[in-house]
Amino acid sequence: MELIDTTDRKILNILQQNARLTIQEIGKQINLSKTPVHERIRRLEREGVIDRYVTILDKKKLGNLLMIYCQVTLDRQTRDSFTAFETDVRELPEVLECSRVSGTFDYLLKIVSRDMDTYNHFYQERLSVIPGTLHISSFFVMAEVKNSTVVPV
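Owing to the predicted nature of the structure, the values given are computational and were not obtained by experimental measurement.

> Explain the environment of Asn 18 to me, and be specific about the residues and the numbers.
Tracing the backbone shows Asn 18 in the loop between α1 (6–17) and α2 (23–30). Look at Asn 18 and you get partly exposed, because its relative accessible area is 33%. Taking the C-alpha atoms as reference points, Asn 18 and Thr 55, separated by 37 residues in sequence, lie 9.9 Å from one another.

> Which residues make up α2, and what values go with them?
Listing the buried residues of α2 in full gives Ile 26, Gly 27 and Ile 30. Around the axis of α2, the buried residues are gathered within 100° of arc, so they sit on the same side. The exposed set on the far side of α2, more than 90 degrees from its buried face, consists of Gln 24 and Lys 28. Looking at the residues trailing α2, positive phi occurs at Asn 31, about 60°.

> Tell me what's going on with the sheet that holds strand β2 (residues 95–100), and back it up with residues and numbers.
Sheets are built from strands paired through backbone hydrogen bonds, the pairs being either parallel or antiparallel. With antiparallel pairing, the four strands of this open sheet are ordered in space as β2-β3-β1-β4. Both outer strands of the open sheet, β2 and β4 (133–140), are each paired with one neighbouring strand and no more. Between one strand axis and the next, the sheet turns by 20° as a mean value, whatever way the strands run. Inspection of the sheet shows β2 paired to strand β3 (residues 107–113) by five bridges, in the antiparallel sense. Paired with Ser 99 across the bridge in β3 is Leu 108. In this fold helix α4 (residues 79–90) packs onto β1 (66–74), β2, β3 and β4, with an angle of close to 170° to the strand it touches most, β2. Across the sheet, helix α5 (residues 116–127) touches β1, β2, β3 and β4, and the angle it forms with β4 is around 165°.

> Describe in detail the nonpolar core, supporting the description with residues and values.
With 18 residues, the main nonpolar core has Cys 70, Val 72, Phe 85, Leu 109, Ile 111 and Leu 127 as its most contacted residues. Ignoring anything within four residues of it in the chain, the contact list for Leu 127 reads Cys 70, Leu 92, Leu 109, Ile 111, Phe 122, Thr 133 and Ile 136. Ile 14, Leu 15, Ile 26 and Ile 50 belong to the second largest nonpolar core, which has ten residues in total.

> Could you give an account of the packing of aromatic side chains, naming the residues involved and the relevant values?
Applying the stated criterion across every chain, the model contains five aromatic pairs. Aromatic pair Phe 82 and Tyr 107: ring centres 6.1 Å apart, planes at 75°, arrangement edge-to-face. Taken together, the positions of Phe 82 in helix α4 and Tyr 107 in strand β3 put the pair 25 residues apart, joining distant regions of the chain. A single burial state applies to Phe 82 and to Tyr 107, both of which are buried. Where Tyr 119 meets Phe 140, the ring centres are 5.6 Å apart and the plane angle is 90°; that geometry is what we call edge-to-face. On the criterion of sequence distance, the pair formed by Tyr 119 in helix α5 and Phe 140 in strand β4 is long-range, its members being 21 residues apart. Using a relative accessible area of 3% as the deciding quantity, one classes Tyr 119 as buried. By relative accessible area, which is 36% here, Phe 140 ends up partly exposed. Site record: aromatic cluster; members linked through ring pairs are Tyr 119, Phe 122, Tyr 123 and Phe 140. The side chain of Arg 100 reaches across the aromatic face of Phe 82, ending 4.9 Å from its centre.

Thresholds, definitions, all that
Residues numbered from 1 in each chain as written. Predicted model: local features only at pLDDT ≥ 70, side-chain atom pairs only at ≥ 80, totals over all residues. Heavy atoms only, no water. Helix = DSSP H or I, 4+ residues; strand = E, 2+ residues; numbered from the N terminus. Buried < 20%, exposed > 50% of the residue type's maximum accessible area, 1.4 Å probe, protein only. Arc of directions from axis to C-beta. Pairing = 2+ DSSP bridges. Axes fitted to C-alpha atoms, helices over the stretch in contact; angles between N-to-C directions. Contact = heavy atoms within 4.5 Å. Core = buried A, V, L, I, M, F, W, Y, C linked by side-chain atoms within 4.5 Å. Phe/Tyr/Trp six-rings, centres within 6.5 Å; stacked < 30°, edge-to-face > 60°. Lys NZ or Arg CZ within 6 Å of the ring centre and 35° of its normal.

Here is the structure:
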């Protein structure tokens with residue numbers, strides 16, 4: 001992997017703000033012609049620095065009014081238990097993020113749901129029935145203070 005220089009960082013910052021900009025528009029912002037901008041972006045993609053391009057949707061406008069964080073503890077802390085839980089969680093579209101963490105619980109999940117009834121159904125029928133799940137604590141978001149996908153570069 002090549003070193004990421006200042007120009008690469010500028011391109012990455014621009015793309016994080018608006019990945020729909022054309023190569024020409026990006027070049028104009030950083031005073032480079034299309035060809036070097038295109039080559040740099042392709043290299044960053046090839047090297048995996050740019051993982052993928054996505055569209056960020058407004059959860060509330062889609063009817064997902066409830067955001068929940070769950071702390072999940074498994075009954076055993078073994079590689080097989082972790083693998084099985086992670087495989088099952090990946091199949092749950094309501095789970096936006098799942099991180100294995102250190103501390104007093106094993107996983108932190110970020111979940112969206114339409115409302116409390118929908119979450120209750122999800123909790124009872126989909127989440128708590130995952131084999132090996134010992135304890136789940138749910139925390140309901142009252143207000144999102146900051147929500148960003150921009151990684152400092």
